[in-house]
Amino acid sequence: MVRLPYSTALTTLFSYGLLFAFGHLRDFFRRIIDSRKPTTNLKDYAPICLGHEDFYTRRLFNRVQDCCNRPIASAPDAWIDVIERYSNDGNKTIHRTSKTSRCLNLGSYNYLGFAAADEYCTPRVIESLKKYSASTCSVRVDGGNTKLHIELEELVARFVGKPAAILLGMGYATNSTIIPALIGKGGLIISDSLNHNSIVNGARGSGAAVRVFQHNNIAHLEEVLREQIAQGQPRTHRPWSKIIVIVEGIYSMEGELCKLPEVISVCKKYKAYTYLDEAHSIGAIGKSGRGVCDLLGVDPADVDIMMGTFTKSFGSCGGYIAASKEIIHHLKQTCPAHIYATSMSPPAVQQVISAIKVILGEDGTNRGAKKLAQIRENSNFFRSELKKMGFEVLGDNNSPVMPIMLYNPAKIPSFSRECLRLNVAAVVVAFPATPLLLSRARICISASHSREDLIKGLEVLSKAGDISGIKYFPVEQEKTTSVEKLKKIQ
Amino acid sequence: MDMALPVVNATSAVLARVSAAFNAPLARAVVFGVHIDGHLVVEGLLIAVIVFQLTRKSYKPPKKPLTEKEIDELCDDWKPEPLCPPIKEGARIDTPMLESAAGPHTIVDGKEVVNFASANYLGLIGNEKIIDSCVGSLEKYGVGSCGPRGFYGTIDVHLDCEAKIAKFLGTPDSILYSYGISTIFSVIPAFCKKGDIIVADEGVHWAVQNGLHLSRSTVVYFKHNDMASLASTLEKLTRGNKRAEKIRRYIVVESIYQNSGQIAPLDEIVRLKEKYRFRVILEESHSFGVLGKSGRGLAEHYGVPIEKIDIITAGMGNALATDGGFCTGSVRVVDHQRLSSSGYVFSASLPPYLASAAISAVNYLEENPSILSNLRSNIALLHKELSDTPGLEISSHALSPIVFLKLKKSAGSPTADLDLLETIAERVLKEDSVFIVTSKKSNLDRCKLPIGIRLFVSAGHTESDISTLSKSLKRVSASVLSDYF
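For the structure given in this document, a descriptive report is provided here. Just so you know, these numbers come straight off a predicted model, no measurement behind them. (Residues numbered from 1 in each chain as written. Chains lettered and ligands numbered in written order. Predicted model: local features only at pLDDT ≥ 70, side-chain atom pairs only at ≥ 80, totals over all residues. Heavy atoms only, no water.)

**Regarding the overall build of chain B**
The helix and strand tally for chain B stands at 16 helices and 17 strands. Against the 2.2 N^0.38 benchmark of 23 Å for 485 residues, chain B shows a C-alpha radius of gyration of 37 Å, more extended than a compact globule. By its C-alpha atoms, chain B is 125 × 60 × 60 Å across when sized along the principal axes. For chain B, the residues scored as buried account for 53% of the 485 residues in total. Long-range pairs, those at least 24 residues apart, make up 68% of the contacts in chain B between residues at least 6 apart in sequence. (Helix = DSSP H or I, 4+ residues; strand = E, 2+ residues; numbered from the N terminus. Rg over C-alpha atoms; globule rule 2.2 N^0.38 Å. Buried < 20%, exposed > 50% of the residue type's maximum accessible area, 1.4 Å probe, protein only. Contact = heavy atoms within 4.5 Å.)

Below, the structure is given as structure tokens:
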């Protein structure tokens with residue numbers, strides 16, 4: 001939970017107010033100057049972007065554009081080559097140079113370290129590329145169904161613990177096209193307030209009514225369910241045809257796990273269906289890497305539909321849905337991404353197959369178990385050290401995602417640029433991905449980070465945090481392990 | 001008349017007495033300089049009655065909120081529908097399994113077949129140069145990019161690919177998406193908001209329909225590829241509408257419709273767009289790399305300068321033999337999408353090896369424009385050979401690489417038509433080893449165009465492949481359709 005002290009809230013509001021005021025002032029002068037210029041040939045067309053719609057982009061975001069969209073020139077592994085960029089006109093346009101700087105990567109979703117070339121996966125991927133080529137050029141139901149796709153669907157179903165699975169080429173498209181295939185007008189979707197944009201788009205595209213419950217608040221979920229079942233559809237009061245409750249395994253902006261056992265028991269009591277989006281948690285948490293069900297001891301048969309992506313822990317692309325045989329059969333007949341979209345690229349399929357085999361230990365080594373233990377140890381160590389330094393860190397134990405609160409808009413670019421100067425690549429997130437006052441820096445730990453990497457990261461974050469003034473909590477003096485002592489432990 | 005007089009006399013006597021009573025001063029009192037007369041009593045009584053009625057509350061049946069016990073009962077009674085309908089008997093679910101690359105010849109279920117089911121228009125599947133660039137990319141960057149574009153998921157091959165495509169088409173800039181169909185359904189909601197007007201063809205495919213639905217704008221459909229219908233729709237929407245200058249207006253068309261194989265007449269559309277001040281969004285998935293003298297798409301084919309088309313989107317899963325999509329247009333158009341297009345901001349970026357495959361494919365096309373003439377001659381040959389197929393007719397454009405065959409006479413219902421066509425496709429595969437497919441529809445698709453058999457012609461097909469296909473198709477359709485007609 002975020003505890004926003006009053007003084008911080010006031011200063012943050014004041015900063016944003018100042019930025020908005022200056023932005024409006026500059027817009028005003030720009031309008032005066034533009035009205036004297038001759039009109040272009042687009043004079044009778046309405047502007048493609050009305051003035052107030054991209055105000056935030058032009059006046060606030062463009063000032064700190066260099067903190068986002070940083071290009072890299074290497075694989076997104078533990079250490080990356082960030083391409084240096086420069087700007088001649090105050091960040092309005094940014095140009096690439098050919099110089100790179102080697103930085104520690106604390107931003108990519110590389111939980112198990114499969115991002116770069118791997119000794120088991122890459123030879124097999126290259127072999128499948130030579131056999132099946134980079135793309136099948138056709139949809140899955142026509143000529144895009146290869147042996148690899150069928151093998152992966154069976155493997156994913158076995159890994160997750162469900163009877164059957166369906167594969168799709170993009171994680172975002174999985175949510176936005178599966179939800180309309182499952183529920184339509186006359187149904188109700190109850191989703192967590194912090195759900196991802198793909199779920200929101202899928203829910204809107206389905207035509208069903210959408211209600212939101214407060215993040216991880218089971219009592220509120222029960223209240224919403226009771227009220228909605230009792231009242232029925234708005235205005236006609238007919239009963240709902242079905243209700244689906246959508247939650248995520250790990251929420252990517254909070255680092256928190258969802259309270260899955262309580263959600264399942266509430267949904268069973270009121271006969272609602274559950275849809276679990278494990279984009280960030282599959283492969284990364286749990287004793288054998290099977291996600292949040294494994295960690296919290298929930299039987300996969302209790303969750304109706306389990307969704308996940310291959311981008312984060314498996315180092316590939318694409319998404320899957322695992323459910324019962326009837327649901328998968330129905331989805332194969334109706335899901336638009338299965339019928340109209342190019343099937344997943346065969347080398348990417350092979351990468352996932354190899355990665356799952358490594359995690360399960362079926363490649364003959366225990367690298368999978370070592371990686372899972374490594375990421376758990378790394379996350380817990382990093383989080384406890386950050387808390388000791390006085391940062392405000394969100395998220396639960398065992399979760400590899402760690403947001404550090406920044407709040408103030410001026411601290412966003414200062415933290416990011418200072419970290420880059422000291423060769424650490426960190427990610428900062430602000431509005432609209434988070435609420436306006438609650439901007440944060442987000443750290444993603446990987447199994448390929450070694451202990452020295454983490455200690456260097458801690459050192460740099462501490463220095464950048466001192467300069468930006470984001471250590472909102474008192475440093476724990478008695479239990480502080482200074483950086484020198486940590487190095488001695490090594 | 002005799003009866004009337006006593007009645008009149010009695011009435012006037014009563015009236016006289018009543019008026020005397022009214023006008024006689026009552027109690028000889030003077031209140032505030034006003035004589036209290038008899039009529040004041042009656043008026044006072046009336047006013048009291050009126051005030052009494054006004055102060056009464058109107059009758060509303062009392063509202064009682066549901067008690068907890070009642071809510072419990074309702075929750076127990078409620079029975080939801082099952083999450084999915086039960087499996088129908090005899091439903092076809094098995095799709096053929098490929099065991100090698102989807103080039104002009106491939107191995108399906110163990111035997112070698114001629115492949116007309118992959119949209120491999122330029123025959124680039126299996127091309128050595130592309131595979132070599134992919135191998136180099138895989139060894140350097142791994143498979144996935146592990147992050148969205150904003151968070152260290154932008155790799156230098158993405159920037160190179162965007163620059164290459166923009167240079168190839170002659171536009172200022174372009175933006176890459178990680179999945180073919182997500183391109184159009186992210187671009188449309190980024191530019192069209194509630195209150196805008198969109199005029200779209202009724203034959204657009206599902207991804208465009210989804211984008212139109214998500215944009216919450218007013219959508220008006222015109223008849224499939226009918227320019228007269230488009231002109232009259234535009235006229236109706238803009239006539240007398242003074243506010244039309246403040247609202248953004250768009251026309252959404254596809255260059256080659258994948259539901260019918262027709263080609264949109266771009267010169268006519270541009271003329272109409274300039275007359276009525278609309279912007280054009282052109283979906284070029286199946287014409288990029290196919291139409292035009294050097295493969296630059298529909299604009300080159302019709303000789304229209306590329307600046308006149310405001311937004312062009314395309315999926316790269318067809319002619320370029322890779323995956324993903326791109327969108328291109330003016331600098332303002334492309335920059336706006338980098339922050340407000342949901343499929344770009346909230347999704348992981350394209351795997352780097354697919355971006356390098358795209359760069360090599362465009363390079364190959366620029367260096368070898370002869371593959372375009374191979375493709376064109378193959379299409380022309382196929383049209384000639386299939387022109388006399390019994391029971392089936394070609395309903396696509398003569399230049400479209402998607403050759404669309406539909407039944408000359410419908411069997412009665414769409415399901416029966418689909419059954420017939422599927423039987424033809426299965427028998428052609430089993431008996432003559434030619435792999436063809438029918439057009440399949442999801443039940444979420446609202447396009448009403450007829451289904452048929454879709455043949456995807458490739459520049460890698462030889463003349464013998466085409467003659468095998470046409471002989472087989474003629475034989476099988478003669479036998480299957482003669483049972484029915």
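**A closer look at the sheet that holds strand β7 (residues 197-201) of chain B**
Residue and element names in this part refer to chain B. Read from one edge of the open sheet, 7 strands run β6-β12-β11-β10-β9-β7-β8, paired in mixed fashion. Either end of the sheet is taken by a strand with one partner, and the two such strands are β6 (173-177) and β8 (218-222). Averaged over all pairs of adjacent strands, the angle between their axes in this sheet comes to 20°, without regard to strand direction. For β7 and strand β9 (residues 249-254), the ladder comprises 4 bridges, and the chain directions are parallel. In the sheet register, V199 faces β9, and the bridge partner there is I251. In this fold helix α6 (residues 180-191) packs onto β6, β7, β9, β10 (279-283), β11 (311-315) and β12 (325-329), with an angle of close to 155° to the strand it touches most, β11. (Pairing = 2+ DSSP bridges. Axes fitted to C-alpha atoms, helices over the stretch in contact; angles between N-to-C directions.)

**Observations concerning the pairing of strand β7 (residues 243-248) of chain A**
All names here are of chain A. Taking burial as the measure, the 6 residues of β7 include 6 buried ones, the bulk of the element. Residues I243, V245 and V247 line one face of β7 and the alternating positions I244, I246 and E248 line the opposite face, and both faces are buried. Bridge analysis of strand β5 (residues 188-192) against β7 gives 4 bridges, and the strand direction is parallel. Among the inter-strand pairings, I189 is bridged to a residue of β7, identified as I244. Examined bridge by bridge, β7 and strand β8 (residues 273-277) share 5 bridges and lie parallel to one another. Looking across to β8, one finds that E248 is bridged to D277.

**Some words on the sheet that holds strand β13 (residues 427-429) of chain A**
Residues and elements named next belong to chain A. The antiparallel open sheet is built from 3 strands, whose spatial order is β11-β14-β13. The sheet terminates laterally at β11 (401-405) and β13, the two strands that pair on one side only. Pairwise comparison of adjacent strand axes, ignoring direction, gives a mean angle of 30° for this sheet. Pairing analysis gives 3 bridges linking β13 to strand β14 (residues 440-444), with the strands arranged antiparallel. By the bridge assignment for β14, V427 is matched with R442.

**Topic: the nonpolar core**
Counting residues in each nonpolar core, the largest one holds 253 residues, and the members touching the most others are Y275 of chain A together with I436 and L455 of chain B. Beyond its immediate sequence surroundings of up to four residues, Y275 of chain A is in contact with N175, I178, I179, L182, I244, V245, I246, V247, I305, M307 and I321 of chain A. By size, the runner-up hydrophobic cluster in this structure holds 34 residues, among which are L60, L386, M402 and I404 of chain A. (Core = buried A, V, L, I, M, F, W, Y, C linked by side-chain atoms within 4.5 Å.)

**Remarks on the interface of chain B and chain A**
At the interface, 106 residues of chain B touch 107 residues of chain A. Among the residues chain B hides against chain A, the three largest losses belong to W78, L83 and Y152 of chain B. Together they make up 11% of the total. On inspection of chain B and its partner chain A, the count reaches 5 salt bridges. The shortest N-O distance in the salt bridge between D142 of chain A and K440 of chain B comes to 3.5 Å. Looking at the side of chain B that touches chain A residue by residue, the classes come out as 54 nonpolar, 24 polar and 28 charged. (Buried area = accessible area lost by both parts, 1.4 Å probe. Salt bridge = Lys/Arg side-chain N within 4 Å of Asp/Glu carboxyl O. Nonpolar A, V, L, I, M, F, W, Y, C, P; charged D, E, K, R; others polar.)

**Examining unusual backbone geometry**
For H237 of chain A, which is not glycine, the phi dihedral falls at a positive 60°. Note on placement: H237 of chain A falls in the loop between α7 (218-231) and β7. We note that A321 of chain B has phi near 55°; this positive angle belongs to a residue other than glycine. Here A321 of chain B is to be found in the loop between β11 and β12. With a relative accessible area of 3%, A321 of chain B lands in the buried category.

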